[in-house]
Amino acid sequence: MKTLRTRSDLRAALGSMGAGVEVGLVPTMGALHAGHLALLEAARAECDLVVASIFVNPTQFGPGEDFETYPRDEKSDARTAKAAGVDYLFVPPVKEMYPDGFQTWVEVERLSQGLEDDARPGHLRGVATVCLKLFNLVRPRRAYFGQKDAQQSAVVEQLVRDLDLDVQIRVVPTVRDEDGLAADRVALSTEPRLPPEDVGLARFNGRLHLVAAARVGRTRLIDNVLLEGELA
Ligand code: PAF
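Residues numbered from 1 in each chain as written. Predicted model: local features only at pLDDT ≥ 70, side-chain atom pairs only at ≥ 80, totals over all residues. Heavy atoms only, no water.

A. Quick peek at the sheet that holds strand S4 (residues 88–90). Overall, parallel pairing links the six strands, which are arranged S1-S4-S3-S2-S5-S6 in an open sheet. The open sheet terminates on both sides in strands that have one partner only, identified here as strand S1 (2–4) and strand S6 (168–172). If you compare each strand with its neighbour and ignore which way they point, the axes differ by 25° on average. Relative to the sheet, helix H2 (residues 34–46) contacts strand S2 (23–28), strand S3 (49–54), strand S5 (142–146) and S6, its axis offset from that of S5 by approximately 155°. Strands S5 and S6 of the sheet are contacted by helix H7 (residues 150–162), whose axis makes an angle of about 170° with S6. (Pairing = 2+ DSSP bridges. Helix = DSSP H or I, 4+ residues; strand = E, 2+ residues; numbered from the N terminus. Axes fitted to C-alpha atoms, helices over the stretch in contact; angles between N-to-C directions. Contact = heavy atoms within 4.5 Å.)

Here it is, written out as structure tokens:
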């Protein structure tokens, strides 16, 4: 596995691949866990070459959110990525992705309304923008996202449709512990340490989800169960 930190190194590495090599991209913010491993495994199984990015994207954090304290452990993430068969690990510094003068944003209007964007205004604009940049840099055949972030996955699917991007979005089912959370408002509201911020039904791109969110400290935890429809 090779770690690359600049757009030019990434382009040079990928440019040397022969035509017809199918590249899979797993965008992450690091702190890799079992959910990321499922994305990496899916990419490894379906693609010739796997690129994972680790970039704690400042533009998807709202004011007062935990950008500075977001967990960062590149060494441990690199070990995990290597063991999962990643070929290239892209770990750009913030200035590499957002150079001085950066001022162009992508907004998926309707799908970004409500839920995550109500709780974290601008969050999905930051996600859409960084994903578009990563798609342009890596030019993957497929890109992998977790079902846990249902609204995010739907926003990225819509971005790809609306802007005619030549990438297939794969949404990988949520990995759960044995005691996987079954969330409804009654159960959550009886747990005083975990008051729910959102519980309800949400339809994204034809899929119906039961969604739940709760805040622990300054961190918003989200989860959902797919009730109707199929993951991409
Ligand atoms: O889900 C995440 O970790 C991030 O939102 C993503 C997709 C890597 C974009 O920064």
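Next comes the rest of the write-up.
B. The arrangement of the pairing of S2 in detail. Burial analysis of S2 places six of its six residues in the buried class, the great majority of the element. Residue alternation in S2 divides its side chains into two sets, Val 23, Leu 25 and Pro 27 and Gly 24, Val 26 and Thr 28, and both sets are buried. Here six bridges tie S2 to S3, and the two strands are oriented parallel to one another. Looking at S3, one finds that Leu 25 is bridged to Val 51. The parallel pair S2 and S3, bridged by H2, forms a crossover whose chirality is right-handed. (Buried < 20%, exposed > 50% of the residue type's maximum accessible area, 1.4 Å probe, protein only. Right-handed = clockwise from strand over helix to strand, strands pointing away.)

C. Local environment of the site of the ligand. The environment of the ligand is made up of Pro 27, Thr 28, Met 29, Asn 57, Gln 60, Val 127, Val 130, Phe 145 and Gln 152. One of the side-chain nitrogen or oxygen atoms of Gln 60 is found 2.6 Å away from an oxygen atom of the ligand. Taking Gln 152, its side chain carries an N or O atom lying 2.7 Å from an oxygen atom of the ligand. Contact with the protein chains removes 88% of the 290 Å² of surface that the ligand exposes when unbound. Only S2 and helix H6 (123–138) provide two or more residues apiece to the shell around the ligand. Residue classes in the shell around the ligand are distributed as five nonpolar, four polar and no charged. (Near = heavy atom within 4 Å. Polar contact = N/O pair within 3.5 Å; in protein donor to acceptor, adjacent residues only side chain to side chain. Areas by Shrake-Rupley, 256 points an atom, 1.4 Å probe, with all protein chains shown as cover. Nonpolar A, V, L, I, M, F, W, Y, C, P; charged D, E, K, R; others polar.)

D. Structural detail: the pattern of salt bridges. A complete count under the given rule lists 16 salt bridges for this structure. In this structure, Glu 22 engages Arg 142 in a salt bridge whose closest nitrogen and oxygen atoms are separated by 3.1 Å. Highlighted residues: Glu 22 in the loop between helix H1 (7–15) and S2 and Arg 142 in strand S5, separated in sequence by 120 residues. Residue classification places Glu 22 among the partly exposed positions, given a relative accessible area of 27%. Measuring nitrogen to oxygen at the nearest pair gives 2.9 Å for the salt bridge that ties Asp 223 to Arg 176. Residue Asp 223 is located in strand S9 (residues 219–228), and its partner Arg 176 is located in the loop between S6 and helix H8 (185–189); the two are separated by 47 residues in the primary sequence. (Salt bridge = Lys/Arg side-chain N within 4 Å of Asp/Glu carboxyl O.)

E. A look at the pairing of S5. For S5, a buried count of five out of five residues is recorded, marking the element as mostly surrounded by other parts of the structure. Neither face of S5 is left uncovered, since the one carrying Arg 142, Tyr 144 and Gly 146 and the one carrying Ala 143 and Phe 145 both have all their residues buried. With two bridges joining them, S2 and S5 adopt parallel strand pairing. Note on S5: the bridge partner recorded for Leu 25 is Ala 143.

F. Focus on the sheet that holds S9. If you walk across this open sheet you meet the three strands as S7-S8-S9, and the pairing is antiparallel. One side of each edge strand has no neighbouring strand; the edge strands of this open sheet are strand S7 (196–204) and S9. Averaged over all adjacent pairs, the angle separating strand axes in this sheet is 20°, with direction ignored. Alignment of strand S8 (residues 207–216) against S9, held across nine bridges, turns out to be antiparallel. Within S9, the residue paired with Ala 214 across the bridge is Leu 221. Contacts from H7 reach S7, S8 and S9 within the one sheet, and its direction differs from that of S7 by about 35°.

G. Structural detail: a nonpolar patch on the surface. The grouping of Leu 201, Val 225 and Leu 227 at the surface amounts to a nonpolar patch, some 280 Å² of accessible area in total. Examined against the element boundaries, Val 225 turns out to sit in strand S9. (Patch = residues over 30% accessible without salt bridge, like charges linked within 9 Å, V, L, I, M, F, W, Y side chains within 5 Å.)

H. Looking closely at the layout of surface pockets. Here the second largest pocket defines a volume of roughly 320 Å³. If you go around the second largest pocket, you meet 17 residues; those closest to its centre are Val 138, Arg 139, Pro 140, Arg 141 and Asp 166. Considering each element in turn, the lining of the second largest pocket owes the most residues, three residues, to H6. (1 Å grid on protein atoms, 1.4 Å probe; cavity = no way out; pocket = protein on both sides within 12 Å on 5 of 7 lines; lining within 4 Å. Points joined across faces, edges and corners; volume = space filled by probe spheres on them.)

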